[in-house]
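# Per-entry structural report
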Amino acid sequence: MPHADRTRFTESRGYRLSWPFVVAAAAIGVGYLLSVGLNGYFVFLAISAIIASIAILGLGIVTGSAGMIALCQLTFAAIGAWIVSLLSVIHAPGGFVVWLLAGGIAAGLAGILVGLPALRLRGVNLAVVTLGFAAAADVTLVQIQFPGSADGIAVERPELFSNDRQFFFLAVIVLAVCALAVFFLQRGRWGSSWKAVAFSERGTAASGQSVQSAKLSAFAVSAALGGIAGGLLAGQVQLPLAASFTPLQSLALYVLAIMSGAHLIDMAILGGILWVLVPELLKRWEVDQNWGFVVFGILGVQALTSGTNLGQTVRDLIWKRTDRKTANATLSALPPDAGADAAAITTTTTATVDEAALDGAPVLTVEGLTVQFGALKALDDVSFQVPAASIMGLIGPNGAGKSTFVDAISGFLPKHGGRVLLGDRDLAGLSPTRRARLGLRRTFQQDRVPPALTVGAYVRFVARRRLAASDIDEVLEFFGCPPARARLSSVDVGTRRLVEVAANVVSRPRLLILDEPAAGLSHDEHLALAARLRELPTRYGVALIIIEHDLDLVRSVCPTLTVLDFGRVLASGPQAEVLANPDVVKAYMGETELLK
Ligand code: ADP
Ligand code: MG
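With that settled, consider the overall build of the chain. Helix and strand counts for the chain stand at 26 helices and ten strands. Counting only contacts in the chain whose residues sit at least 6 apart along the sequence, the fraction spanning at least 24 positions is 75%. By element, 62% of the accessible surface of the chain is carried by carbon and sulfur atoms, the whole surface being about 26200 Å².

The structure is reproduced here in structure tokens:
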């Protein structure tokens, strides 16, 4: 990487990323003014809103970003409150802020424990488990109560923040710090892994990211924020009660998080304000405050059924999002040289075997690969080798076993017969994540690119290496993808799958298996893609297995071919030989007329 590039990159990055600190500092400033200006009752409500905001920020991670249902956020808050009360009663060293941190850490650890079932369960089952945990904790809490509560020992606030106004100011600072932490976590590798796992666990594993650690880290961070919220609550009320942390309230908080779109920090704060405002208004109108739950419930149902949430709607209105349009506008724009390349490889061009490359040690060796689905043998004794930095086409009629082959090689079908070696390493027993990290990458026939990420964040996530902004721009431009800042949600499916290819290529794998990469692209785009694929081995040192139906593309890109039919290798070798093989011609009869 050129030195100048790196300097420019860090400078511009430093400039862009300083704004969150400015916002946080401004919020603390406003908080200070409010702490001086607000009257006593409003100060108390404002502290409550801040506490709720922090708890909702946590839900924004586990539910909003990672897509898991967690109905026990206030149980984590109770754990934080309990630890703070305990440390206060025993006069533990460090004072309130240290106790608050300890409460957050304890809750985070509990979050990991609660998250363990989430490795196997999802949806309603996970909801039941987390709600069950909340109910069990509630019963326990009523029994044991908070340390010091029986003797009326109040939680000690820090000296500087001892009255309500001052404590409000402390709460603002804690919220600002939490929001900053969440902001950077969401933008970093963890945040990408949360959004990826919410969309597709298989896609996440294929990117070399452990699904387990993505889920557990989401639970841990979310619960830690819950714990900090609870610790603050203990400091606010000083004699916390089990009644503040019931499962019903956790449920309501969850609904509020869904409704407000809590993966967005500003919307989590809006959620926190609503959490306090709705019951307060009901009180003023002399309506039973329990109706607040009904109001949240209705808004939540609305959010779940319409697929949008209040937060996103408000945000779109305020910021008048324009990036949706800009991303789409660049989709058809391929790099200027693409047209020339495409013209140079008209269908008359045929890829030929580079004999020198074939002499190299194989990057992939498949021996007797057999996959059985019940009575069906989807793969039957498949054997072949792929030389390093070569391109092999894998073709065959629908249902021939091509996708099954990719799944078996990449670790998604561990119970197969036969051996698979990457270089000279036997891959037996290795998870998809491990295989991806060893340099065996694959793309999917279905869309598994998480729409919640930007193009650039996705490329960084999949690449798993330090990339300069210029490296990302270069590979995106090479594949004619939208710019790094574009949101994947605003990119069409065909282009998204190109982004998937680009991201996997910059991970610098030894072998990349592409499962129908051209599906969803127009004919012109097919040609342009073919030109790029042919360049990949020399440009990035990667070997390719390309599964493709478009035989024009296969012919122009793949010097060697393997044909699968009913799970068996029908033919394998140099393109011309394979395509002239009578068995291959027979298998393709009726399937296509392109074989001439
Ligand atoms: P291709 O990608 O070549 O079109 P597949 O590998 O998807 O073919 O499928 C090969 C055969 O295995 C098909 O008959 C398909 O119905 C069957 N098959 C694929 N996946 C499964 C599965 N999970 N369970 C049972 N049968 C499957
Ligand atoms: Mg397939």
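What follows continues from the structure just given.
With that settled, the discussion passes to the packing of helix H3 (residues 40-65) against helix H11 (residues 247-260). Two numbers describe how H3 lies on H11: the axes approach to 9 Å, and their chain directions differ by 70°. Our classification of the angle between H3 and H11 gives roughly perpendicular. In this structure, H3 meets H11 at a crossing whose hand is right-handed. Here Ala55, Ile56, Leu59 and Thr63 of H3 lie close against H11, whose contacting residues are Leu253, Tyr254, Leu256, Ala257 and Ile258. Of the residues contributing to the contact of H3 with H11, the split by class is eight nonpolar, one polar and no charged.

On to the pairing of strand S7 (residues 511-515), then. The buried count for S7 comes to five of five residues, which makes it a mostly enclosed element. Burial along S7 is two-sided: Leu511, Ile513 and Asp515 and Leu512 and Leu514, pointing in opposite directions, are all buried. Relative to S7, strand S6 (residues 440-442) runs parallel, the two being bridged by three bridges. Across the sheet, residue Arg442 finds its bridge partner in S7, namely Ile513. The sheet contact formed by S7 and strand S8 (residues 543-547) spans five bridges and is parallel. Along S8, the bridge assignment pairs Leu514 with Ile546. In this region the chain leaves S7, passes through helix H23 (residues 523-540) and returns to the parallel neighbour S8; the handedness of that crossover is right-handed.

With that settled, consider the packing of aromatic side chains. Applying the stated rule across the entire model yields 15 aromatic pairs. Judged by centre distance (6.4 Å) and plane angle (45°), the ring pair of Phe161 and Phe169 falls under tilted. Phe169 matches Phe161 in its accessibility class, with the two residues each being buried. Plain terms: the ring middles of Phe478 and Phe479 are 5.1 Å apart, the flat faces sit at 85° to each other, and that makes the pair edge-to-face. The residues Phe478 and Phe479 share a single accessibility class, namely buried. Taken together, the ring pairs connect Trp19, Phe21, Phe183 and Phe184 into an aromatic cluster. Over the aromatic face of Phe478 sits the side chain of Arg539, whose NZ or CZ is 4.0 Å from the ring centroid.

As a further point, take the confidence of the model for the chain. Taken over all residues, the pLDDT of the chain has a mean of 87, while the share at 70 or more is 89%. Here residues 1-14 scores under 50 on pLDDT; set against residues more than four positions off or in separate chains, the count is seven contacts. Note that pLDDT drops below 50 for residues 323-348; the model gives that stretch 42 contacts with residues more than four away or on any other chain.

Strand order in the open sheet formed by six strands is S6-S7-S8-S3-S9-S10, with mixed pairing between adjacent strands. Both outer strands of the open sheet, S6 and strand S10 (568-574), are each paired with one neighbouring strand and no more. Going across the sheet, the axis of each strand differs from the next one's by a mean of 15°, ignoring polarity. Summarising the sheet, strand S3 (residues 391-395) and strand S9 (residues 560-565) pair through four bridges and their orientation is parallel. Residue Ile395 lies in a different strand from S9, and its bridge partner there is Val563. Contacting S3, S6, S7, S8 and S9, helix H18 (residues 402-409) runs over the sheet at an angle of about 150° to S7. Sitting on the sheet, helix H22 (residues 493-506) is in contact with S6 and S7, with an inclination near 170° to S7.

Next up on the list: empty space enclosed by the protein. Scanning the entire structure with this criterion turns up four cavities of 30 Å³ or more. A volume near 60 Å³ is recorded for the second largest cavity. Together, Gly203, Ala206, Ser207, Arg442, Phe444, Arg448, Tyr458, Val462, Glu500 and Asn504 line the second largest cavity. Contributions of two or more residues to the lining of the second largest cavity are made by helix H9 (201-206), helix H20 (455-463) and H22. Taken together, the residues of the lining of the second largest cavity break down into four nonpolar, three polar and three charged.

Strand order in this open sheet of four strands is S2-S1-S4-S5, and the pairing throughout is antiparallel. Strand pairing shows two members of the sheet lacking a second neighbour, strand S2 (376-387) and strand S5 (425-426), which therefore form its edges.

Moving on: the coordination of the magnesium ion (ligand 2). Within the first shell, the magnesium ion (ligand 2) binds the protein through Ser403 (OG) and Gln445 (OE1), at distances of 2.1 to 2.3 Å. You can see Ser403 sitting in helix H18 and its partner Gln445 sitting in the loop between S6 and H20, a full 42 residues away along the chain. With a relative accessible area of 25%, Ser403 lands in the partly exposed category. Relative accessible area serves as the criterion here: at 33%, Gln445 is assigned to the partly exposed category.

Moving on, we come to H3. When the terminal C-alpha atoms of H3 are compared, their 36 Å separation across 26 residues agrees well with the 38 Å that a helix rising 1.5 Å per residue should span. Among the 26 residues that make up H3, 21 are buried, leaving the element largely enclosed by the rest of the structure. The backbone nitrogen of Tyr41 lies 3.1 Å from a side-chain oxygen of the residue at the head of H3, namely Asn39. Downstream of H3 by one or two residues, Gly67 has phi in the positive range, about 70°.

Positionally, Ser410 belongs in the loop between H18 and strand S4 (417-422). Those residues in contact with Ser410 that sit more than four places away from it in its chain are Pro432, Arg435, Leu440 and Arg442.

The environment of ligand 1 is made up of Phe373, Leu376, Ala378, Pro397, Asn398, Gly399, Ala400, Gly401, Lys402, Ser403 and Thr404. Within the backbone of Gly399, an N or O atom sits 2.8 Å from an oxygen atom of ligand 1. Measuring from an oxygen atom of ligand 1, one finds a backbone N or O atom of Ser403 at 2.9 Å. Contact with the protein chains covers 57% of the free accessible surface of ligand 1, which is 560 Å². Counting only elements with at least two residues in the shell around ligand 1, the list comes to S2 and H18.

Glancing now at the layout of surface pockets. Approximately 790 Å³ is the volume found for the second largest pocket. Those elements that provide at least two residues to the lining of the second largest pocket are H3, helix H4 (73-89), helix H10 (211-237), H11, helix H12 (265-284) and helix H13 (291-306). Examining the composition of the lining of the second largest pocket, we find that seven residues originate from one element, H3, more than from any other.

Definitions and cut-offs
Residues numbered from 1 in each chain as written. Chains lettered and ligands numbered in written order. Predicted model: local features only at pLDDT ≥ 70, side-chain atom pairs only at ≥ 80, totals over all residues. Heavy atoms only, no water. Helix = DSSP H or I, 4+ residues; strand = E, 2+ residues; numbered from the N terminus. Contact = heavy atoms within 4.5 Å. Areas by Shrake-Rupley, 256 points an atom, 1.4 Å probe, with all protein chains shown as cover. Axes fitted to C-alpha atoms, helices over the stretch in contact; angles between N-to-C directions. Parallel < 35°, antiparallel > 145°, perpendicular 65-115°, else oblique. Left-handed = near helix turned anticlockwise from the far one by under 90°. Nonpolar A, V, L, I, M, F, W, Y, C, P; charged D, E, K, R; others polar. Buried < 20%, exposed > 50% of the residue type's maximum accessible area, 1.4 Å probe, protein only. Pairing = 2+ DSSP bridges. Right-handed = clockwise from strand over helix to strand, strands pointing away. Phe/Tyr/Trp six-rings, centres within 6.5 Å; stacked < 30°, edge-to-face > 60°. Lys NZ or Arg CZ within 6 Å of the ring centre and 35° of its normal. pLDDT = per-residue confidence, 0-100. 1 Å grid on protein atoms, 1.4 Å probe; cavity = no way out; pocket = protein on both sides within 12 Å on 5 of 7 lines; lining within 4 Å. Points joined across faces, edges and corners; volume = space filled by probe spheres on them. Donors = N, O, S within 2.8 Å, 3.2 Å for Na, K, Ca; no water. Expected span 1.5 Å × (residues − 1). Polar contact = N/O pair within 3.5 Å; in protein donor to acceptor, adjacent residues only side chain to side chain. Near = heavy atom within 4 Å.

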